[in-house]
Amino acid sequence: MGKAFSKPEALTDNYTHYCPGCTHGIVHRLVAEAIDELGIRENTVGIAPVGCAVMIYDYINCDFQEAAHGRAPAMATGIKRVRPDLMVFTYQGDGDLASIGMGEIIHAANRGEKITVIFINNAIYGMTGGQMAPTTMPGQRATTAPAGRDTAQTGMPIRMANLMSEIVTPGYVTRQAVLKPQMVNKCKKAIKKAFQYQMDNTCFSFVEVVSTCPTNWGMTPINALKWAEETLLPYYELGDYKTPEDA
Amino acid sequence: MAKVLMKGNEAIGEAAIRAGCLNYFAYPITPQSEVAEYLSKRLPEVGGVFLQGESEVAVGYMLFGASGAGERVMTTSSSPGISLMSEAISYIAGAECPAVFVNIMRGGPGLGGILPSQGDYFQATKGGGHGDYHLLVLAPDGVQEAVEMTMQAFGLAEKYRNPVMVMGDGMIGQMMEPVEFPDDLKTEPTNKDDWASNGMSTRKSKKKNLVKSLFLDPAELNQHNLNLKAKYEQMKKEDVQYELYNADGDYQILIASYGTMSRVCRTAIDMLKAEGIEAAMFRPKTLFPFPEKQVHDAALKETCKCVISIEMSMGQMVEDVQRCVMGKKPVEFYGECGGEIPSPEKIMEIVKELIG
Amino acid sequence: MQTEIKFAGFGGQGILLSAKLLAYAAMKQGFQVAWIPSYGPEMRGGTAYCTVVISDKLIGSPIIKSPTHLVAMNRPSLEKFDDTIKPGGIVFINASLIPVRSQRKDVVELVVPVNDIAIEAGSVRAANIVALAAFAAKSKLVDLDLLKKCVKEEFAAKAKIIPLNMDAFDRGVAAAQA
Amino acid sequence: MLPDISGIIIIAGNYGSGKSETAVNLAAVSRKSGKSVKITDLDLVNPYFRSREAKKPLEDLGVEVVLPGRKYMHADLPILTPAVADMIKNPADVTILDAGGDAAGVTVLAALEDVLEKSHVKLLQVINPLRPNTCDVQGCLKIKAQIEATAKLPVTGLISNANLLDETTPQIIYDGYNLVTRVSEATGLNIEFITASTRLLPQLATERIFCPILPIDRFLALPWTRN
């Protein structure tokens, strides 16, 4: 009988630097499990973002390249075009993907690059210390929105999965969360599916993951999960937004 | 191979293919768009990768990705486009990846104009992006040299694991000259298995490769920069290229000039000679590493009264010339950068004024 | 010995191609050549100019203020560059579109109604080939058979128009020799 | 009279009030008086002049410095290491949490709410009247309210850290003490101590000051001013 809980091969032995209650660790694990189950670890290149997950390469055991802020989809394009046999994924946060890297993500998706994008949406800039992100909720406090996000000045939070689903080029676009065990299971399936589409050379895929940042939100881990469920999920609705079969 | 008549831009594109670079990413900008147009036809014929990126910013990172995955890759652009790529150039230099950038310079600053210029000398040789890094910069004076330098660039980029820039100007990009593609300039790609993120399965060692420029430990970052500096010092020792023209006789003046401008100076020197005036030319073919000793020695010739740097800029290379001549001879400057290239007659007039 | 030929006319008259073919033939004959586009303020105004330099030694400056010969395909081109031609040079005038003549006494005028000849050959679009052939016949800069071969090669991908251009070429040569 | 405080002490205040220098010196003085001391740098919002820079001299004194792994010391990452919660659960005689500046800097305390609420915690507000936002009572009260709202903890005491770096004079220290006294009157909060650089101590008329004085040695000075 196998072990009920074992460490994926694609996960290194390093302890993560993430804060208590941060969901990066969960998503790292899901990515590692998907890579293991598909047997693609030795053909995979990840793109580490600028953001809290910049050192993802310490935790996931495959080749990595480190991008500048927002440019991961362009780097992934460069790798995938010259080495279509490699499995290429980016792992990006909301400041990275939805703000400074908006151009790169939209165009990579629109060209239908056969890459996998894992998008961590925790409604705040983590790395730089809790500044407002494009995904920050109305009224949510941030160090650059001390009175809470004023939508009259800064607009409404961007729903990336919804936006990406408007791109005509076929692709897989889904929004998942890791706030509860059953959500984690679904998210895992989505990540695996996203890699599978790449393996089959089917399409670009985009997995948005609604996540937490207790440290910058100023909440205990438990309260952060609760807040995410009550505040983020009604606005960031979970589910598949587009599949290649729709096309 | 027989000579063919080609536009500089087309020839650069073909040279990349002949050098074994089958990956090209670019964004259109005048006066170099013909490179992309040419390669969009040619690369599919040879099974290569052609992609027009959404911006020069993205293109810079497409190069970074491709290069980090261990493949030869090139882009071409012109001044404002190179500014946008400078972020990626800094990252590529920081992560020690080889990649070839071609800058067909146009007038600046800002939108400037589409006419030829040499206004990006500082940008290319003194930085452009952030941090302590250097590009190896090759400056051709015509279409044939643009071909040769483009071909050399890939080997140099791999030798140093550093971005290399071929820096021409609009005139070199737009003019047609006969060219040959020398087979002996093609280098075999180096084995990149010990550093490139090209997938473990293709390598003997199953250690993961990281292509990165982040060093959190101050001592480690300092050491990284020392290693980079050692590479730049090695470039200065091993890969300086230059040409001296009409320098065997007793010249009264040394003209420092590169690229298109040097072609005009060459004609001016011939015309001066016909009038009995001896002028020599020092032409750096590598702008970084700059031929420091060579310009110094040429300036120190006894008969040489002064040195003048003539550029299609407001005075950029002249600072390197001054630095190397170390105050031992007067160093003058003449430049125009509106897009009209100074004529040989104008150069003659300036030289005559200087040497009285 | 260095010779510079300025080709000038409206955009669409095939100026750049005529110049390229001349440069190509000269190159095949073993000369150093450069094809220099109009790349300055002169390129404005919907007109096209370029210069071909043919030399027996390394070509220096791409800046040619005073060319040896001029091939003027329209009136503004003649008026603009007439003064700049070196004494003794050929000033080629497309008489179909240029009702005036060179103001110079020290140049050789070659006046050919190239559009009319091209129409006779079958299409006005071959006017540039008529002009090229006529100029080449008069200037004797390159071997005519070689040049004709270069023209043929240029149209290799459009076999249908080869006979037209070959005919235009011959008519051009004949006009220069008339 | 040196400060003599024990328990879990959070040092907060507005940006540039001198929290870190105060925290580090309090740790050193407490340790020298024979107490066991732990200190953590919770400043996740400001990358420079953080108490982590005093790691070595503090450790040399026997202070336990709780920080993210060595490789993350200079990372631009807001790392809240789980070791902080452990430290609160297993405190030393003196356990110092050096928070970041303003309300933003204490946001992280809210993430520790569940461990903090089970402990008896002192939250001390450092005031330097020579900083623009805390030059009067009203300003100090405003910062206090912001810190309390974000940290979800009440401020329990005050510290005057009046200084103009090397240009500090005894008068500046007296003025600061006066201001903090008025804040104390307005809030009913105790003045835990004031600070004075060791250089100024001999010149100070200590009989005018009715609270302990923490002598400050610059641990976090600029490189060119060290020794």
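Residues numbered from 1 in each chain as written. Chains lettered and ligands numbered in written order. Predicted model: local features only at pLDDT ≥ 70, side-chain atom pairs only at ≥ 80, totals over all residues. Heavy atoms only, no water.

## What to know about the overall build of chain A
As a reminder of what qualifies: Runs of H or I in DSSP of at least four residues are treated as helices and runs of E of at least two as strands, each being numbered from the N terminus. In this treatment the radius of gyration is a C-alpha quantity, and the globule benchmark scales as 2.2 Å times the residue count to the 0.38 power. Using a 1.4 Å probe on the protein chains alone, a residue whose accessible area is under 20% of its type maximum counts as buried, one over 50% counts as exposed, and one in between counts as partly exposed. In what follows, residue pairs with any heavy atoms lying within 4.5 Å of each other are defined as contacts. Here the Shrake-Rupley method, with its probe set to 1.4 Å, supplies the accessible areas, and only the displayed protein chains count as covering residues. Charge convention: Lys and Arg are scored as positive, Asp and Glu as negative, and His as well as the terminal groups of each chain are ignored. Where a charge sits is defined by one atom per residue type, namely NZ (Lys), CZ (Arg), CG (Asp) or CD (Glu).
Counting its secondary structure elements, chain A contains 9 helices and 7 strands. For 247 residues, the compact-globule formula gives about 18 Å, and the C-alpha radius of gyration of chain A, at 17 Å, lands near that figure. In terms of overall dimensions, chain A has a C-alpha envelope of 50 × 45 × 30 Å along the principal axes. Expressed as a percentage of the 247 residues in chain A, the buried residues total 63%. A separation of at least 24 residues holds for 68% of the contacts in chain A among residues at least 6 apart in sequence. As displayed, chain A offers around 8,800 Å² of accessible surface, 53% of which is attributable to carbon and sulfur atoms. Here chain A contributes 22 positive and 24 negative side-chain charges, whose respective centroids are spaced 2 Å apart.

## Re the pairing of strand E2 (residues 23–26) of chain B
Regular strands have side chains that alternate between both faces of the sheet. Residue and element names in this part refer to chain B. Short version of the rule: Paired strands are those between which DSSP finds at least two bridges.
Side chains Asn 23 and Phe 25 project from E2 onto one buried face, and the interleaved Tyr 24 and Ala 26 project onto a second face that is buried too. Where E2 meets strand E3 (residues 49–52), 4 bridges bridge the pair, whose relative direction is parallel. Residue pairing across strands places Asn 23 opposite Val 49, the latter belonging to E3.

## Focus: the arrangement of the chains
Summarising the chain contacts, 4 pairs of chains touch, and the pair with the most contacts is chains A and B. In this structure chain A stays clear of chain C, and the shortest span between their C-alpha atoms is 32 Å. Kept free of each other, chain C and chain D leave a smallest C-alpha distance of 50 Å between them.

## Remarks on helix H11 (residues 317–325) of chain B
Residues and elements named next belong to chain B. What counts is decided by this rule: The arc refers to the directions leading from the helix axis to the C-beta atoms.
Within H11, the full set of buried residues consists of Met 317, Val 318, Asp 320, Val 321, Cys 324 and Val 325. Looking straight down H11, one finds that the buried residues subtend no more than 160° of arc, so they occupy a single side. On its buried face, H11 sits against helix H5 (121–125), strand E12 (253–256), strand E13 (279–284), helix H10 (292–299), strand E15 (306–311) and strand E16 (331–335). Just past H11, the residue Met 326 takes up positive phi, approximately 55°.

## Points about the packing of helix H6 (residues 137–151) of chain D against helix H7 (residues 170–187) of chain D
Residue and element names in this part refer to chain D. As a reminder, the rule being used: Under this scheme, a helix contributes an axis fitted over its contacting stretch, all axes are lines through C-alpha atoms, and angles between N-to-C directions fall in the 0 to 180 degree range. Relative orientations are named as follows: roughly parallel for angles under 35 degrees, roughly antiparallel for angles over 145 degrees, roughly perpendicular for angles from 65 to 115 degrees, and oblique for any other angle. For any helix crossing, the convention is left-handed if the near helix is rotated counterclockwise from the far helix by under a right angle, and right-handed if that rotation is clockwise. When residue character is reported, Ala, Val, Leu, Ile, Met, Phe, Trp, Tyr, Cys and Pro are called nonpolar, Asp, Glu, Lys and Arg charged, and the others, Gly included, polar.
Relative to each other, H6 and H7 sit at 60°, their axes nearing to 9 Å. By the angle between their directions, the pair H6 and H7 is classed as oblique. Pair H6 / H7 crosses with right-handed handedness. For the pair formed by H6 and H7, the contact residues are Val 137, Cys 140, Leu 141 and Lys 144 on the first element and Leu 179, Arg 182, Val 183, Ala 186 and Thr 187 on the second. Partitioning the contact of H6 with H7 into residue classes produces 6 nonpolar, 1 polar and 2 charged.

## Concerning the sheet that holds strand E1 (residues 7–13) of chain D
All names here are of chain D. The 8 strands are arranged E3-E2-E4-E1-E5-E6-E7-E8 in an open sheet whose pairing can be described as parallel. Pairing within the sheet leaves two strands with one partner each, and these edge strands are strand E3 (64–66) and strand E8 (213–216). In this sheet, adjacent strand axes meet at a mean angle of 25° when their direction is disregarded. With 5 bridges connecting them, E1 and strand E4 (residues 94–99) associate as parallel partners. Across the sheet, Ile 10 pairs through a bridge with Leu 97, a residue of E4. The sheet contacts of helix H1 (residues 19–32) involve E1, strand E2 (37–42), E4, strand E5 (121–127), strand E6 (157–160), strand E7 (190–197) and E8, and relative to E8 the element is tilted by about 105°.

## Considering the packing of aromatic side chains
The following threshold applies: Each Phe, Tyr or Trp ring (for Trp, its six-membered ring) is paired with any other whose centre lies within 6.5 Å, and the angle between the two planes then decides the class: stacked below 30 degrees, edge-to-face above 60, tilted in between. When the NZ atom of lysine or the CZ atom of arginine is within 6 Å of a ring's centre and also within 35 degrees of its normal, the charge is said to sit over that ring.
Under the counting rule described, the total for this entry stands at 17 aromatic pairs over all chains. Seen in terms of ring centroids, Phe 119 of chain A and Phe 206 of chain A are 5.7 Å apart; in terms of plane orientation they differ by 35°. Their pairing is tilted. Residue Phe 119 of chain A is found in strand E4 (residues 116–121), and its partner Phe 206 of chain A is found in strand E6 (residues 204–210); the two are separated by 87 residues along the sequence. In this structure, Phe 119 of chain A and Phe 206 of chain A share a single accessibility class: buried. Plain terms: the ring middles of Trp 217 of chain A and Trp 227 of chain A are 4.6 Å apart, the flat faces sit at 65° to each other, and that makes the pair edge-to-face. Pair noted here: Trp 217 of chain A is in helix H8 (residues 214–217) and Trp 227 of chain A is in helix H9 (residues 221–235), with a separation of 10 residues, a long-range link. Within the aromatic cluster, the residues linked to one another by ring pairs are Tyr 57, Phe 64, Phe 89 and Phe 195 of chain A. Directly above the ring of Phe 215 of chain B sits Lys 212 of chain B, whose terminal nitrogen or CZ lies 4.9 Å from the centroid. The cationic tip of Arg 208 of chain D hangs over the ring face of Tyr 174 of chain D; the distance from NZ or CZ to the ring centre is 3.9 Å.

## Description of the sheet that holds strand E7 (residues 239–242) of chain A
Spatial ordering of the open sheet is given by E7(A)-E5(A)-E6(A)-E4(A)-E3(A)-E1(A)-E2(A)-E10(B), a layout of 8 strands whose pairing is mixed. Only two strands of the sheet have a single partner each, and these edge strands are E7 of chain A together with strand E10 (210–211) of chain B. Here 7 bridges tie strand E5 (residues 171–177) of chain A to E6 of chain A, and the two strands are oriented parallel to one another. Along E6 of chain A, the bridge assignment pairs Ala 177 of chain A with Val 210 of chain A. Packed onto the sheet, helix H7 (residues 181–199) of chain A meets strand E3 (87–93), E4, E5, E6 and E7 of chain A and runs at close to 160° relative to E5 of chain A. Across the sheet, helix H3 (residues 56–68) of chain B touches strand E2 (63–66) of chain A together with E10 of chain B, and the angle it forms with E2 of chain A is around 155°.

## Points about the pattern of salt bridges
Residues and elements named next belong to chain B. Which entries qualify depends on this criterion: For this analysis, a salt bridge means a side-chain nitrogen from Lys or Arg found within 4 Å of a carboxyl oxygen belonging to Asp or Glu.
For the structure shown, the criterion picks out 58 salt bridges over all chains. Among the salt bridges present, the one from Arg 42 reaches Glu 14, with a minimum N-O distance of 2.8 Å. With Arg 42 in helix H2 (residues 33–45) and Glu 14 in helix H1 (residues 8–18), this residue pair connects regions lying 28 residues apart in the sequence. Take Arg 42 and Glu 14: they sit in the same class, and that class is buried. The partner of Lys 346 in a salt bridge is Glu 349, with the nearest N and O atoms 3.5 Å apart. A residue pair is termed a helical-turn pair when its members lie 3 or 4 positions apart in one helix, as Lys 346 and Glu 349 do in helix H12 (residues 344–355) at 3 residues. Taking the relative accessible area as the measure of exposure, Glu 349 reaches 43% and is therefore partly exposed. Where salt bridges share partners, they join Asp 141, Glu 145, Glu 243, Arg 266, Arg 283 and Lys 285 into one cluster.

Worth remembering: the numbers are spatial, not functional.
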